[in-house]
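What the coordinates show
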Amino acid sequence: MSDAGGRGGGGGGGEAQIHCNSSSSTSGRESSFAFVSLHHNPGLGLCCRRRRRFSEQHPGGSPVRKPGGGDQDQSPPNASSPQPPPPDSHRLSPPRRAAPLLRWDEVPDDFVECFILSGYRRLHCTAQECLASVLQPTNETLNFWTHFIPLLLFASRFCRLLLLRGAGDLPFHHPFLLPLWCYASGVLLTFAMSCTAHVFSCLSLRLRAAFFYLDYASISYYGFGSTVAYYYYLLPGLSLLEPRALSRYLQQRLGWHVDCSAPIALYSALLLPVAFLLAVACTVACCKSRSEWCAYPFAIRTFVFVMPLSMACPIMLESLLFDLKGHNPTLFVYFYRRYFWLLVAAFFNVSKIPERIQPGLFDIIGHSHQLFHIFTFLSIYDQMFYVEEGLRHFLQEPPPASPTFTGTVGYMVLLVLCLVLVIKRFLNVPEFCKQD
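Thresholds, definitions, all that
- Residues numbered from 1 in each chain as written.
- Predicted model: local features only at pLDDT ≥ 70, side-chain atom pairs only at ≥ 80, totals over all residues.
- Heavy atoms only, no water.
- Salt bridge = Lys/Arg side-chain N within 4 Å of Asp/Glu carboxyl O.
- Helix = DSSP H or I, 4+ residues; strand = E, 2+ residues; numbered from the N terminus.
- Buried < 20%, exposed > 50% of the residue type's maximum accessible area, 1.4 Å probe, protein only.
- Axes fitted to C-alpha atoms, helices over the stretch in contact; angles between N-to-C directions.
- Parallel < 35°, antiparallel > 145°, perpendicular 65-115°, else oblique.
- Left-handed = near helix turned anticlockwise from the far one by under 90°.
- Nonpolar A, V, L, I, M, F, W, Y, C, P; charged D, E, K, R; others polar.
- pLDDT = per-residue confidence, 0-100.
- Expected span 1.5 Å × (residues − 1).
- Contact = heavy atoms within 4.5 Å.

This part takes up the pattern of salt bridges. For the coordinates displayed, the defined rule picks out 5 salt bridges. A salt bridge links glutamate 388 to arginine 157, with the nearest nitrogen and oxygen atoms 2.9 Å apart. With glutamate 388 in helix 13 (residues 368-396) and arginine 157 in helix 4 (residues 141-162), the pair connects residues that are 231 residues apart, well separated along the chain. For the residue pair glutamate 388 and arginine 157, the accessibility class agrees, reading buried in each case. Salt-bridge contacts for arginine 337 lead to aspartate 382; the nearest nitrogen and oxygen are separated by 2.8 Å. Here arginine 337, found in helix 12 (residues 329-351), pairs with aspartate 382, found in helix 13; they are 45 residues apart in sequence, far enough to count as distant. By relative accessible area, which is 37% here, arginine 337 ends up partly exposed.

In structure tokens form, the structure reads like this:
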């Protein structure tokens, strides 16, 4: 789950303040992104500007010395001419060192994260260098590990449930397990794409955009997979969606004599199609948030990530109208704890705390995106508990209509095709996919 490349921001801390700007002008670095104003060292911003102007005038990075000038670099009169290297000198060459890390004013604008001043990798790294960077102290290292370790954890857990008969004596291809396959594919794909995006985002500008578009799409895919699991494993056990129970509640509490069969049937028929459309719409909104005109990309992405979670509203209403805590305590506890973790994750992702308070101090360890990863992992970890609990109830009392291949895997395949078309469309628009 990644929000790299955002241009939102604002505010400041006691030591430093970065003012983020989403202007599309490319005439100069400080007009396109930010300037740094240090209270205890006011000359640092001027030094950065002078260094930027100097590097633009002399791309080589060193003064140009003209022949005959006073500063001409001349060899000593008695210096001996350099000797040719011995034939086997290539065997004695030292091992290649890792590329040095860069500061925010030494990388393209799309790479810069608000309030993160250092620890950036250079553009056009090789795939080998990208993989090696996961063991180096960059500002992306813990972004990778905070999702790679959960990926291994969930992979082992789903392997136990689906392949090692952890869900009972059912074979892995049984129709009752199809919703769990959809949910598992969404969880694993989300963590895998997040890891891939954070590791290989410095290959090129185009590949960076492609990886993060795929990351957004995987989150939407996960949201729809969760809805499929809810639809088959959790919602049938709710009194809210049982026509007789809901009609009785309305009659006792409000005095209404209403037949709730038709509204509940309509809701059940529209739930998956509406969730499907939401998944596509959220991916489009997230991809558009990477454009220059978007002032608050992190807020937009956080909001659209929460939109698919609205499909879980019946569980929340169940806890308010009926005795969910007494009827299903596992669902009650883990459901609300999951949403607590999601609120904490959203807070860090939007506020950019703690790096907003002390820019530069949390560049490598402890910045908001790492905390966002940790709390999203905790939310999905809690979700796994009540999805497994719903699966156990489902296997004990299966409904008359079992899950179908079309209503589960068919939806997921169709969603993948739609998301691929969305990503392809954005990659062909220069505004949303900058060329190298």
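Additional details are given in the paragraphs that follow.
Moving on: the packing of helix 12 against helix 13. Here helix 12 crosses helix 13 at 165°, and the two axes come no closer than 8 Å. The pairing of helix 12 with helix 13 is recorded here as roughly antiparallel in orientation. As for how helix 12 packs across helix 13, the hand of that crossing is left-handed. A class-by-class count of the residues in the contact of helix 12 with helix 13 yields 15 nonpolar, 7 polar and 4 charged.

Per-residue confidence for the protein chain gives a mean pLDDT of 80; residues scoring 70 or more make up 75%. The lowest-confidence element of the protein chain is strand 2 (residues 36-38), averaging 37 in pLDDT; the highest-confidence one is helix 5 (residues 178-200), averaging 97.

Looking now at helix 7 (residues 243-254). Because each turn of an α-helix spans 3.6 residues, side chains separated by three or four positions end up pointing in the same direction. Taking 1.5 Å per residue as the helical rise, helix 7 with its 12 residues ought to reach 16 Å, and the 16 Å between its terminal C-alpha atoms agrees with that figure. What helix 7 keeps buried is the set Ala245, Leu246, Ser247, Tyr249 and Leu250. Against the buried residues of helix 7 lie helix 8 (261-288) and helix 10 (313-321).

To continue, consider the side chain of arginine 157. Taking the relative accessible area as the measure of exposure, arginine 157 reaches 13% and is therefore buried. With residues up to four places along the chain from it excluded, the contact list for arginine 157 reads Tyr381, Met384, Phe385 and Glu388.

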